[in-house]
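# Fold and contact review
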Amino acid sequence: MLHPQAHPEIEKDRLVVHEFRSADVAAGRTDDPWVLGAIDFADAFLTVPQSEPVVCMHVAPDGARAPYALGRVLPGQRDGSSKWSDSIETYLREELSTETCTPNPTLLRIKHDGVLKSLLQSHVDDFMARARRSFFHDKLVPVLKRKYRITVQTAEVPGDSVSFLKRKHLLLDSYSMVVVPHPKHVERVLQLVGWTETSKVKHTPAASDMNEPDQSAQLEPQRAQRFRSAVGVLL
């Protein structure tokens, strides 16, 4: 999440942030401070109409078949994420005049009368917002609630935390925040890779030959499945 006063630059396909510090402390403003918010959309895909006719076939236990036309996008639909993204961005642009970051379209910015009010980071149906407290509670959240069923968390003072993308974001003070993954994800990875308390601990997580050409055989299907599962948990 970029700070409202940060200056992003493109460098080797990365977004680099400079001057990362509290705008409120720097300006001596405390009447309408910046807050951190996490927003989860419960009905995201189901609010998006199908852009073209979609028909699926239901097969009953007795073998009977019945076609159904889908009026709304369903979770798991191949193009569901892109249709949802287009829908929510259009709604926010119409209601709050959001601007999309060209290098990274998942970043949105909201300005009113030339004054920055909020930055949004989207990840499918989860959003993280950095916004002025009054704008977040009095404008952004009500606008979203008019159309969607959402769950909102806020971190406004040191000690507050929000959950975003399986991680806890804990405010320590006006300048710093700790991002903590849930222990269950680490425990799941250890289970998948077969780690035990007697396993040998290495000083680095990388194999000693990782910079050499990989000439090893492909993993058998069972181990390949465990590898994909572990990567998915880590992400």
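Before any of the text, the structure's been laid out above.
Since the structure is predicted, the reported quantities are computational estimates derived from the model, not experimental observations.

### Some remarks on the overall build of the chain
- On a plain count of helices and strands, the chain comes out with five helices and 13 strands.
- A buried classification covers 30% of the 235 residues belonging to the chain.
- Sequence separation of at least 24 residues holds for 51% of the intrachain contacts in the chain that already meet a minimum separation of 6.
- Element-wise, carbon and sulfur atoms account for 53% of the exposed surface of the chain, whose accessible area totals about 16,000 Å².

### Structural notes on the pairing of strand β5 (residues 65-69)
- Among the five residues in β5, zero count as buried, and that is only a small part of the element.
- Of the pairings in the sheet, the one linking strand β4 (residues 55-59) to β5 comprises five bridges and is antiparallel in character. Bridge pairing in β5 places C56 opposite Y68.
- A loop of five residues connects β4 with β5, the two strands running antiparallel in sequence, and G63 in this loop sits at a positive phi of about 95 degrees.

### Observations regarding the pattern of salt bridges
- Under the counting rule described, the total for this entry stands at four salt bridges.
- Residue D79 is joined to K83 by a salt bridge in which the shortest nitrogen-to-oxygen separation is 3.4 Å.
- Overall, the relative accessible area of 29% leaves D79 in the partly exposed class.
- For K83, a relative accessible area of 15% corresponds to the buried category.

### Digging into helix α5 (residues 221-234)
- Counted at 1.5 Å a residue, the expected span for α5 with its 14 residues is 20 Å, and the 20 Å between its end C-alpha atoms agrees.
- For α5, the complete set of buried residues consists of A224, A230 and V233.
- Residues of α5 that are buried in the fold lie against α4 (183-193).

### Details of the pairing of strand β7 (residues 107-112)
- Direction of pairing for strand β6 (residues 98-100) relative to β7: antiparallel, over a ladder of three bridges. In the strand pairing of β7, T98 is matched with I110.
- As paired strands, β7 and strand β8 (residues 115-123) are joined by six bridges and run antiparallel to one another. Across the sheet, I110 pairs through a bridge with S118, a residue of β8.

### Digging into the side chain of T47
- As for its position among the elements, T47 is in the loop between β3 (34-41) and β4.
- Given a relative accessible area of 13%, T47 falls into the buried group.
- In this structure the side chain of T47 is engaged in a polar contact, spanning 2.7 Å, whose partner is the backbone oxygen of A44.
- What T47 contacts, discounting residues up to four positions off in sequence, is R72, W84, K147 and Y148.

### Focus: the environment of D32
- Tracing the backbone shows D32 in the loop between α1 (23-27) and β3.
- Here the alpha-carbon distance between D32 and R133, two residues 101 residues apart in the chain, equals 5.9 Å.
- Side-chain polar atoms of D32 contact the backbone nitrogen of R133, separated by 3.4 Å.

### Quick look at helix α2 (residues 80-96)
- The terminal C-alpha atoms of α2, which comprises 17 residues, lie 24 Å apart, in line with the 24 Å expected from a rise of 1.5 Å per residue.
- Listed as buried for α2 are G80, K83, W84, S87, I88, E89, Y91, L92 and L96.
- Buried residues along α2 sit against β3, β6, β7, β8, β9 (126-132) and α3 (133-145).
- Note on α2: the residue one or two positions beyond its end, S97, has a positive phi of about 55 degrees.

### A look at the packing of aromatic side chains
- Overall, the coordinates contain five aromatic pairs when judged by the stated rule.
- Considering the side-chain rings of F41 and W84, the 5.2 Å spacing of their centres and the 65 degrees angle between planes classify their relative orientation as edge-to-face. Of the two residues, F41 sits in strand β3 while W84 sits in helix α2, which places them 43 residues apart along the sequence. There is no split in this pair, since F41 and W84 are both buried.

How each quantity is defined
Throughout, residues of each chain are indexed from 1 in the direction in which the sequence is written. Residue-level local features of this predicted model are given only where pLDDT is at least 70; pairs of side-chain atoms are given and counted only at 80 or more, and the full residue set underlies all totals for whole chains, interfaces and linings. The side-chain quantities take in all heavy atoms of the structure and omit both hydrogens and water. Under the DSSP-based scheme used, a helix requires at least four consecutive residues in state H or I and a strand at least two consecutive residues in state E, with every element numbered from the N terminus. Relative accessibility thresholds used throughout: buried, under 20% of the residue-type maximum; exposed, over 50%; partly exposed, between the two (1.4 Å probe, protein chains only). When checking whether two residues touch, look at their non-hydrogen atoms; a contact exists if any pair is within 4.5 Å. Per-residue and other accessible areas follow the Shrake-Rupley method at a 1.4 Å probe size, with only the shown protein chains counted as cover for residues. Any two strands with at least two DSSP-identified bridges between them are counted as paired. Salt bridges are counted wherever a side-chain nitrogen of Lys or Arg sits within 4 Å of a carboxyl oxygen of Asp or Glu. To estimate how far a helix should extend, the number of its residues minus one is multiplied by 1.5 Å. Within 3.5 Å is the distance limit for a polar contact, defined as a pair of N or O atoms, with the added protein rule that one can donate a hydrogen and the other accept it, and that residues adjacent in sequence qualify only through two side-chain atoms. In summary, the pairing rule links any two rings of Phe, Tyr or Trp, Trp by its six-membered ring, whose centres are within 6.5 Å, and it sorts them by plane angle into stacked for under 30 degrees, edge-to-face for over 60 and tilted for everything else.

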